Amino acid sequence: MLYDQPRRGVFRVVAYAGSRPILPGMTLAEATACGAGFFEEHAPQRDAAALAQLALACEPFSPGVGLLPPDSLSLDVTGVAPLFGSEELLVEHLFGDFRERGLTIRVALADTLGLAWGVAHFQTERFTIVPPGETAATLRELPLGALRISAATIQLLEELGIDQVGGLLDLPRAALASRFEPDLLIRLDQARGALPELIPAHRPLPEIVVEQSLEYPLAHGPSLQTCLAQLLEQAAAQLAQRQQGAVQLECRLDCEQGSPVVIKVDLYRATADCEHLFEMLQLRLEHMALSAPVVRLALAVLLAAPLIPWQRELFAAGSLQTGQRQLTRLIDRLSNRLGSQAVVRARLQPEAQPEFSFRREPWAGIARAVAGARWPASSSKKSPAAKRNANRNFTTRNRSRSARKLRPLSWESTPLPLEVRAAPPSSLPQQIYWQGEWLAVQRVWGPERIQTGWWRGRDIQRDYFRVETAGGARLWIFRRWRDGHWFLHGLFA
């Protein structure tokens with residue numbers, strides 16, 4: 001058994017009445033019919049506190065214990081089993097410890113946290129160990145609820161005749177991405193081990209907060225800046241100990257009178273550079289007015305992420321690293337001067353309907369990496385399946401690049417009605433009424449047929465054309481099937 005591979009354990013605290021378990025979803029009458037038992041009103045806060053106490057009791061068995069409310073705990077037991085003799089003996093010690101506490105648990109051990117959770121919740125055995133490498137086979141036999149997805153998604157899949165994860169794995173991935181919420185593929189990849197999942201530690205890292213109370217109130221700008229620079233140095237020193245950088249900062253200035261002034265700084269990439277952080281704070285301070293002298297300053301790191309190491313280059317002038325640093329500083333300056341929601345970028349989405357093929361997200365204030373994430377062990381040799389996936393991804397990327405060449409950069413948020421004269425029987429556009437006059441169409445490409453969106457309750461049926469007029473205008477237009485009306489959707493540069 002390879003103990004250097006990631007191993008995740010999840011166990012549930014299960015209540016029993018007689019010899020039958022009382023499972024979530026049972027009515028009080030059903031639970032009472034199981035036999036003698038003690039019942040009292042549900043208290044979620046008390047349950048959460050009890051679960052946290054049980055997490056403390058599990059620390060002798062794992063260096064990483066996490067909470068999975070409402071009734072489960074996760075244990076990272078990678079490399080721990082040899083200390084107890086084997087994985088079976090490790091679980092036996094765990095059972096014995098909880099038996100002394102008067103609790104009955106159900107344990108599952110697997111390569112991924114998602115699979116361990118699913119087995120612990122949907123298999124009847126009190127103790128299940130999924131051998132290394134058996135993740136895919138075990139996952140296929142589990143019901144859809146084992147993926148921790150929403151009840152609405154499960155209901156829709158069951159209406160389509162899919163009630164196990166195996167049926168879901170047999171469907172085309174692109175179809176799942178366009179027809180369901182992103183959580184479906186995320187949970188599926190986490191259970192398979194294709195996507196890392198963070199162990200939600202019950203002992204979170206302490207929040208970085210530095211503060212300074214002033215003996216005399218300060219209203220002088222340079223003096224306040226000096227105090228802020230000192231606080232930034234303290235925060236940067238704590239970040240350096242964690243090998244992290246700040247992604248979101250919050251500065252609070254408590255005034256002698258009136259409400260405190262709160263300044264939030266969003267960053268594109270994690271950084272612990274005091275000079276850069278101080279510059280971003282100054283940009284926000286320029287637009288703030290103090291109602292009274294300041295008596296206390298506090299600085300908090302709201303979001304941090306691992307620092308990205310840079311290797312020094314012999315000839316650094318004009319290098320890629322220099323360009324990336326300059327881009328980072330530009331995005332940070334614009335985001336903190338105009339607001340993070342004003343500086344956005346487009347993210348492509350796997351969606352056939354053009355209006356939903358991208359989304360806008362802020363550049364700054366989003367962690368590009370998560371501290372403490374446990375990644376699966378890597379191997380220098382790729383399996384045949386991995387090579388096939390790599391080739392498939394390469395082909396998909398090439399297709400997506402070729403498809404993007406056929407899309408205009410300038411789109412109408414709402415397609416505009418357009419007058420078009422088309423020649424039967426092909427119905428290709430011949431003339432277009434554009435900018436107050438009829439223009440002859442010299443070249444036309446299409447149709448590109450798009451029929452999609454039925455799962456949103458309003459499907460679309462369109463034929464798209466790329467046309468070039470006699471005046472040189474290049475338009476992206478479509479004809480709607482149900483009524484034959486034409487619309488302008490975009491302009492090519």
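Just so it is clear, the model here is predicted, and its values are computed rather than measured. (Residues numbered from 1 in each chain as written. Predicted model: local features only at pLDDT ≥ 70, side-chain atom pairs only at ≥ 80, totals over all residues. Heavy atoms only, no water.)

A. Focus on the overall build of the protein. Per the secondary structure count, the protein includes 14 helices and 19 strands. For the protein, buried positions account for 36% of its 493 residues. Across the protein, every contact between residues at least 6 apart in sequence was considered, and the portion connecting residues at least 24 apart equals 59%. Accessible area of the protein: about 28,700 Å², with a carbon and sulfur share of 53%. (Helix = DSSP H or I, 4+ residues; strand = E, 2+ residues; numbered from the N terminus. Buried < 20%, exposed > 50% of the residue type's maximum accessible area, 1.4 Å probe, protein only. Contact = heavy atoms within 4.5 Å. Areas by Shrake-Rupley, 256 points an atom, 1.4 Å probe, with all protein chains shown as cover.)

B. Quick peek at the nonpolar core. One finds Leu232, Leu249, Cys251, Leu281, Leu297 and Leu299 to be the most contacted residues of the largest nonpolar core, which totals 29 residues. Of all elements in the fold, only β7 (208-218), α11 (221-242), β8 (244-255), β9 (261-271), α12 (274-285) and β10 (294-306) reach the threshold of two or more residues within this core. Discounting residues that sit within four places of it in the chain, Cys251 has contacts with Leu228, Val261, Val262, Ile263, Leu281, Ala298 and Leu299. One finds Ala108, Leu139, Ile154 and Leu185 within the second-largest nonpolar core, a separate group that totals 24 residues. (Core = buried A, V, L, I, M, F, W, Y, C linked by side-chain atoms within 4.5 Å.)

C. Structural detail: the sheet that holds strand β18 (residues 474-480). One open sheet accounts for 7 strands, arranged β13-β19-β18-β17-β16-β15-β14; its pairing is antiparallel. Each edge of the sheet is formed by a strand with only one pairing partner; in this case those strands are β13 (410-418) and β14 (420-423). Put simply, the sheet's adjacent strands are angled 30° from each other on average, direction ignored. Note: strand β16 (residues 437-452) against strand β17 (residues 460-469), 9 bridges, orientation antiparallel. Bridged to Arg449 within β17 is Asp463. (Pairing = 2+ DSSP bridges. Axes fitted to C-alpha atoms, helices over the stretch in contact; angles between N-to-C directions.)

D. Here's a closer look at the packing of aromatic side chains. All chains considered together, the criterion is met by 10 aromatic pairs. Seen from their ring centres, Trp411 and Trp476 are 5.5 Å apart, and the 35° between their planes marks the pair as tilted. Remark: Trp476 occurs in strand β18 and Trp411 occurs in strand β13; sequence separation between them is 65 residues. Under the relative-accessibility criterion, Trp411 is labelled partly exposed at 25%. Residue classification places Trp476 among the buried positions, given a relative accessible area of 1%. When the ring of Tyr464 is compared with that of Phe478, the centres are 4.9 Å apart and the planes differ by 45°; the resulting orientation is tilted. Here Tyr464, found in strand β17, pairs with Phe478, found in strand β18; they are 14 residues apart in sequence, far enough to count as distant. Per residue, the accessibility class of Tyr464 equals that of Phe478, and both read buried. Taken together, the aromatic side chains of Trp411, Tyr464, Trp476, Phe478 and Phe487 make up a single cluster linked through ring pairs. A cation over an aromatic ring shows up here: Arg345 above the ring of Trp363, its NZ or CZ 4.4 Å from the ring centre. (Phe/Tyr/Trp six-rings, centres within 6.5 Å; stacked < 30°, edge-to-face > 60°. Lys NZ or Arg CZ within 6 Å of the ring centre and 35° of its normal.)

E. Layout of a nonpolar patch on the surface. A cluster of nonpolar side chains, namely Leu327, Leu330, Leu334 and Leu338, defines an oily patch on the protein surface of about 350 Å² accessible area. With respect to the helices and strands, Leu327 occurs in helix α13 (residues 320-338). Looking at Leu327, the relative accessible area reads 39%, which means it is partly exposed. (Patch = residues over 30% accessible without salt bridge, like charges linked within 9 Å, V, L, I, M, F, W, Y side chains within 5 Å. Salt bridge = Lys/Arg side-chain N within 4 Å of Asp/Glu carboxyl O.)

F. Highlighting α12. Over its 12 residues, α12 extends 16 Å from the first C-alpha to the last, a length consistent with the 16 Å expected when each residue adds 1.5 Å. All buried positions along α12 are accounted for by His276, Leu277, Phe278, Met280, Leu281 and Leu283. Measuring from the backbone nitrogen of Glu275 back to the side-chain oxygen at the start of α12 gives 3.1 Å, which picks out Asp273 as the cap. (Expected span 1.5 Å × (residues − 1). Polar contact = N/O pair within 3.5 Å; in protein donor to acceptor, adjacent residues only side chain to side chain.)

G. Highlighting the sheet that holds β10. The strand order β7-β10-β8-β9 describes an open sheet built from 4 strands, whose pairing is antiparallel. Where the open sheet ends on each side, the last strands, each with one partner, are β7 and β9. Looking at each pair of strands side by side, their axes are set apart by 15° on average, direction ignored. With 11 bridges connecting them, β8 and β10 associate as antiparallel partners. In the strand pairing of β10, Gln248 is matched with Leu303. Along the sheet face, α11 touches β7, β8 and β10 and points at about 160° away from the line of β7. Here α12 sits on the sheet and contacts β8, β9 and β10; the angle it forms with β9, its principal contact strand, is near 140°.

H. Structural view of the side chain of Thr153. With respect to the element layout, Thr153 can be found in helix α7 (residues 151-159). Judged by relative accessible area, Thr153 falls into the buried class, the value being 10%. In this structure the side chain of Thr153 is engaged in a polar contact, spanning 2.9 Å, whose partner is the side chain of Ser150. Residues within four places of Thr153 in sequence aside, it is in contact with Phe180 and Leu184.

I. View of unusual backbone geometry. Residues Pro69 and Pro70 are joined by a peptide bond in cis, for which omega reads 10°. Residue Pro447 is bonded to the preceding Gly446 through a cis peptide linkage, with omega at 5°. Note on placement: Pro447 falls in strand β16. Of note, the phi angle at Gln435 is positive, near 55°, even though the residue is not glycine. Assignment of secondary structure puts Gln435 in the loop between β15 (428-434) and β16. Judged by relative accessible area, Gln435 falls into the exposed class, the value being 68%.

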